[in-house]
Structure formats: structure tokens, C-alpha cells
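Remarks on the overall topology
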Amino acid sequence: MDPEDDPLRAPYLAYHQGRFKAAVNRFHRELQASATNSREVAGSPPPPLPLLLYLFAFFWLRHEVADDHRGAILAVSRNPDHAYLEGLLRDATSGASFVEGYLRHWLSCPEEDPRGEAVRRFVGKNDDSLTVAVAQTLESWQRLGRYPAPPRERRRRLQARQKRRMAEVLGESDRERLALLDALPQNLEKGGGRFSKLAIVPRYSCPESCRHCLFVWRPPLRATWDTEAMLRLAGGITDNLLFTGGDLWGDRELFHRAVTTMGSVVTFAILLNGSTATTPGAARALFQGLATALLARSRKSRKAQILLQVSFDEFHQEIVVDRRGDLAERIAVANIANLVEASVAFPGIQLVLLHKQNRLNFSEALFRQGVVARLIGTLAARGRRLRVETIGWSAHSKADPVIPGRMGPVIREALFVLADAPTRPIAFFSSIIDAMGRGSLVDRSEYVAERESLAAFVDHGVVPAEAFDTDLMFGTDGKVTLFAANHYSLGNVATEGWERILGRYRADPLLPLLRNFDRRILELYRLSGGDVATLVARATSPHHLWYRLTASAERRLAMTRLCLAATGEPGSAGGKGN
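These numbers come from a predicted model, not from an experiment. (Residues numbered from 1 in each chain as written. Predicted model: local features only at pLDDT ≥ 70, side-chain atom pairs only at ≥ 80, totals over all residues. Heavy atoms only, no water.)

What follows deals with the pairing of strand β12 (residues 421-431). Two faces, one strand: in a regular strand the side chains alternate between the faces of the sheet. In this structure, strand β7 (residues 349-356) lies alongside β12, joined through five bridges in parallel fashion. In the strand pairing of β12, Val352 is matched with Ala427. Two strands pair when backbone bridges link them, and strand β11 (residues 411-418) and β12 are joined in this way by five bridges, in the antiparallel orientation. Of the residues in β12, the one forming a bridge with Ala414 is Phe428. The turn joining β11 and β12, which pair antiparallel and follow one another in sequence, is formed by two residues. (Pairing = 2+ DSSP bridges. Helix = DSSP H or I, 4+ residues; strand = E, 2+ residues; numbered from the N terminus.)

Applying the stated criterion to the full structure yields 24 aromatic pairs. Each ring, one from Phe27 and one from Trp141, has its centre 6.0 Å from the other, and the planes form 65°; the classification is edge-to-face. Pair noted here: Phe27 is in helix α1 (residues 9-33) and Trp141 is in helix α7 (residues 130-144), with a separation of 114 residues, a long-range link. Of the two residues, Phe27 and Trp141, neither departs from the other in class, the shared state being buried. Considering the side-chain rings of Trp225 and Phe474, the 5.7 Å spacing of their centres and the 70° angle between planes classify their relative orientation as edge-to-face. One end of the pair, Trp225, is in the loop between β1 (198-201) and α10 (227-237); the other, Phe474, is in strand β13 (residues 472-475), with 249 residues separating them in the sequence. We classify Trp225 as buried; its relative accessible area is 9%. Connected via pairs of aromatic rings, a cluster forms that spans Phe27, Phe56, Phe58, Phe59, Phe98 and Trp141. (Phe/Tyr/Trp six-rings, centres within 6.5 Å; stacked < 30°, edge-to-face > 60°. Buried < 20%, exposed > 50% of the residue type's maximum accessible area, 1.4 Å probe, protein only.)

In this section: the packing of α10 against helix α11 (residues 252-261). Viewed as axis vectors pointing N to C, α10 and α11 meet at an angle of 50°, and their least axial separation amounts to 11 Å. What the angle tells us is that α10 and α11 run oblique. Between α10 and α11 lies a crossing of right-handed hand. Together, Thr227, Glu228, Met230 and Leu231 of α10 and Leu254, Arg257, Ala258 and Thr261 of α11 make up the contact between the two elements. (Axes fitted to C-alpha atoms, helices over the stretch in contact; angles between N-to-C directions. Parallel < 35°, antiparallel > 145°, perpendicular 65-115°, else oblique. Left-handed = near helix turned anticlockwise from the far one by under 90°. Contact = heavy atoms within 4.5 Å.)

Evaluation of the coordinates by the stated rule reveals zero disulfides. No disulfide involves Cys210; its sulfur sits 6.2 Å from the nearest other cysteine sulfur, which is in Cys206. (Disulfide = S-S within 2.5 Å.)

One finds Leu241, Phe268, Leu308, Leu353, Leu472, Trp498 and Trp546 to be the most contacted residues of the largest nonpolar core, which totals 106 residues. Here the element with the most residues in this core is helix α12 (residues 280-295); it accounts for seven residues. Each residue touching Trp498, except ones within four places of it in the same chain, is listed here: Gly193, Phe195, Leu233, Ile237, Leu472, Phe474 and Val493. Counting 43 residues, the second largest nonpolar core, distinct from the first, contains Leu13, Ala23, Leu52 and Leu74. (Core = buried A, V, L, I, M, F, W, Y, C linked by side-chain atoms within 4.5 Å.)

What follows is about the pattern of salt bridges. This model, assessed by the stated rule, comprises 43 salt bridges. Here Arg90 makes a salt bridge to Asp91, at a shortest N to O gap of 3.1 Å. In this structure Asp91 comes out as partly exposed when scored by relative accessible area, which is 47%. Salt bridges sharing common partners tie together Arg19, Glu64, Arg211, Glu318, Arg330 and Glu446. (Salt bridge = Lys/Arg side-chain N within 4 Å of Asp/Glu carboxyl O.)

As a further point, take α7. The end-to-end C-alpha separation of α7 is 21 Å, in line with the 21 Å expected for 15 residues at 1.5 Å each. Restricting attention to buried positions, one finds in α7 the residues Leu130, Ala133, Val134, Gln136, Thr137, Ser140 and Trp141. Looking straight down α7, one finds that the buried residues subtend no more than 165° of arc, so they occupy a single side. Next to the buried residues of α7 lie α1, α2 (49-64), α5 (95-107) and α6 (117-125). Its side-chain oxygen placed 3.4 Å from the backbone nitrogen of Thr131, Ser129 serves as the N-cap of α7. (Expected span 1.5 Å × (residues − 1). Arc of directions from axis to C-beta. Polar contact = N/O pair within 3.5 Å; in protein donor to acceptor, adjacent residues only side chain to side chain.)

So far we have only geometry, and geometry alone does not tell us how the molecule works.
So this is what it looks like as C-alpha cells:
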């Protein structure tokens, strides 16, 4: 196929042109707002602001767009004055060659052209040396901290950090912390140990590497806990069960067994990415397996439903360049269309499309552009009309990541129906991503963050509407962690027993502070040696801040000791972490 005829080419170019424009505009605002860019540093003359802006554009294109498509992304400009810049952005081989080419272009312009004055002045202040001016520009660029290393290297650094953090789970510091909790008096008034929901993590596994994903490295999970015992325990303490941890297609048999045998549970949810629904038949088979498990439940079982949660957004359905150099969808929109069509025949199974908020969420353009429009178009080509039945907006305003100063509610949820199956709705739920894992490498123009809610909470104590989720997740290796923080462990239920885990859950002094967004934990973090200001500056939401507060095992131990010391509990003084 001629690349020009590829049906993915137009949406690929439109998507990346939009990303490029938004990222450059956002960085331009950051440059203008930064006082460090308007004064000399250590006696050195600052480079012209446009040069730093275009250097950002150069690195963005190198990191985000494949070589063969860079020219097409840049061709959006029709201004002949930008032809030199387009050529530099397309063809320069390094940051240094780009800067040199930019400076040479403006130095070669007639002196009466005022547009070259800033460049001539900058080079003149650098001993009239092009070499010195290039070096000075690159030094200023490094100080800005944007694209400090190639994407692959940055991912490796994040991967190493995640491996270190997860290696601490149930390590020496965690064991010391849990021993403190075990020594506390049991508070039996805190409830009988039932939970509104629980999660089972068969493994942390997904064949994709989406740009926003929490995981750069997925911790290996060796299943050592007897699965029958695990399901019996979970069925005795909750009515609602979620299977999570990535794309769980490979663990569907365990999920089917849970549906069949856990007679007291009324809601089962499983998270998939849709990559296996490659044909209408494969999608129907997926639903049929779930329906068969529901039908196999005992007559004495409570009536149950299944939520089939499928990731569907600009990241999972992103158009990328594959290893052969061809355009391909990370996970095809057609797969999601297959699931939508199959879902209407299975009334006991609710299809839920899980979406990540972006600037389109501020209006119903969400349903006319981007990945939702591609889904509607795919179904229309099959003769099926998908329509929006209801829309639910967020309760509070959020900041548009692209348009400065624009605030407003965002579309948080919706119900779709196929026109020929109006009684079988498809749920759509849109949530934020945070700068965690791979998400920390995504430009902030690409997603809706909760920085305003974070500021309201930290500065004025406005507690977020959604609590920090301290319900429990069980790994098939027996490790027990929190829904909202997979590093926060309460031990291993397979080797220590449920009563001990529950006792720790009741006694843990940090959990109420986390659950209720109690700002006193920020002071505990500070007293334990943590830099609260840096943590807040890098957080993208109150929940992200809370997640990072407990990311270090030593910090978890130190804050627990401090919290116990404040209440006069035994075992709170001395030892590591003080």
C-alpha cells in the first residue's frame, strides 16, 4: 500500500500535529513565565527565547515522531519565512547542529532585518564566536531540565527506580514497621473485617507499553498462595471483587472460577486492554466464556453481574510506527468495536470503556474527535450507529492543559447505545492519569491534571471528593497491599494468616490519615526527613501526592514511628528511621 493511501495516516498526522502544537505552546508559556530566562546566569548572556523554544521543538520531534513522518508533521506550516526552520527541525542531526544552523541563518540576514538583531547581540556577547554561542545555548538548555536524556535512557532510569522501590516491599524496613503494628493492642471496635471491595492481582502483566502507564517495570509475581483458599477468603469478606494488575486475558480461567464458585459476591470486574478481540468471533468467545461462568453458579448463589472493563483512550489506541516502519494502532479501535457489538447479546455482562481525560473532555467534542470518533466511524462502516445516550460531568472545574486560564467541568462518564440495541448500554468512564511511571514522561499538554485540586487541598485543606482508596489487594503470592498504593504492604496473608493482616489494617496509624486526606501526614513526612515542597511541586493531583508520600519503605517506617510516638504507643522510639 502506498503510504499516502494508508487510512491511519490522516489521524496519525492530525494527532501528532495537535500534540506538537500544544507542547510547543505550553513550553512557550513556561519560558515566558520563568524569571531565569530573562536574566543572565553566572554572568553569561541568555540565548534568545525563540532559540530555546525551537530547540524544544527539535527535541520533541526527535523523541515523539518517527523520522519518516517528521516532514509531514511540519508541513502544517504554510509560512515561507518558516521554511528554514522546517528544514532545520526536519534534518538537523543533533541539538548542537540545530543551534548552529539557527544562529547561522540569522547571522546571514541583512543587518537591517530586525529579526536577526537578538541573535547578533547574543553571538557578540559570546566573543563573536559561533562555537561559544552554541555551547552557551546548550548549557542554558540543560539548566531548563527538559529532555535531559533520550527517551530510552529516561525509561531505564525510571525502571531502575521502580525496581528498587518494589524490592523494598516486605523488606527489612517493612518488616520492622509491621512488627510495630503487631505489638499494638487490637481494636476490635473497628469492624468485623468486611470490605466494600477487594482486588485480586494474578500478576502484573501486559503486552503493551503505553506511554502513560504506571509501570515501566512490572514486578514479577510468583503465584504461591492456594487459589481456592484465596477465593474462599475473599468471598467471605467482600461482595465486590476486581481482578486487576494489567491485561488479564491470560488469567481468565482463574476469573471464571471465581465467578463460578464465589456465591456471595455480586459484582465481578476484570480489566483487559482488548488486544485479543481481533475478530468479531474472538470478541463473542470472550463474552461467552464469562456468560458460561455466570450460568455455572450454584442456585444458592446470589445474583451476580460482571463488569468487563476495557481500556480505550488516546494512549491505548494510539497510532504508532511499528518495527517495519508502518503505521499501526497500539490496540486497534476495531477490537473495541468488536467488543461493543458482542456485548449487546450478553445481558449479565456490562462493558465499561475506561478512558483517560484529555483536553477534548471539556466539551462534547470528545465524541466528535479523537479515539471516540474513530470508534463511531468504525462501527458506522459496519452499518451500526453508536450514539451518546447520557453524559455525566465532573462536579468541579479543571484546568485545560492547552488553553491558558480556561477552567471548566469535564466529561467524566457517559452511556453509549447502538441504535439497534437501545436497551443494552455501553458504559464510558473517564479518569485522570498522574505523572507516575511512564506517565512522568508525558507532556502535560496531553492530559488533564488535578493541580488546582492539589493546591486547594495543600494550601486550604479542601479535601478531595474521592477518598484515597485503602481497600486491599491480594496478590496470588499472598502479599497484601492497598488499592491506591501497590507498594504499601500489610504482609503476606498466605504465610501469616488473615487475622494478623486484619489486625495490622485496624492498628496502622497511617491508614486513617491516608484515607481521610489528613494533612498531618505531610508534617510526619517532613519530620521523617522528606522534602514536602518538592513532593508537592512534582505532584499532579492530591492522590498522586499521597501515593508518593509512602513510596519509600524507610519513610513508611519513620512516619509510623512518629505517629505512634505522638499517641504514646509502645515501640515508637528508637530504631532505624528515627
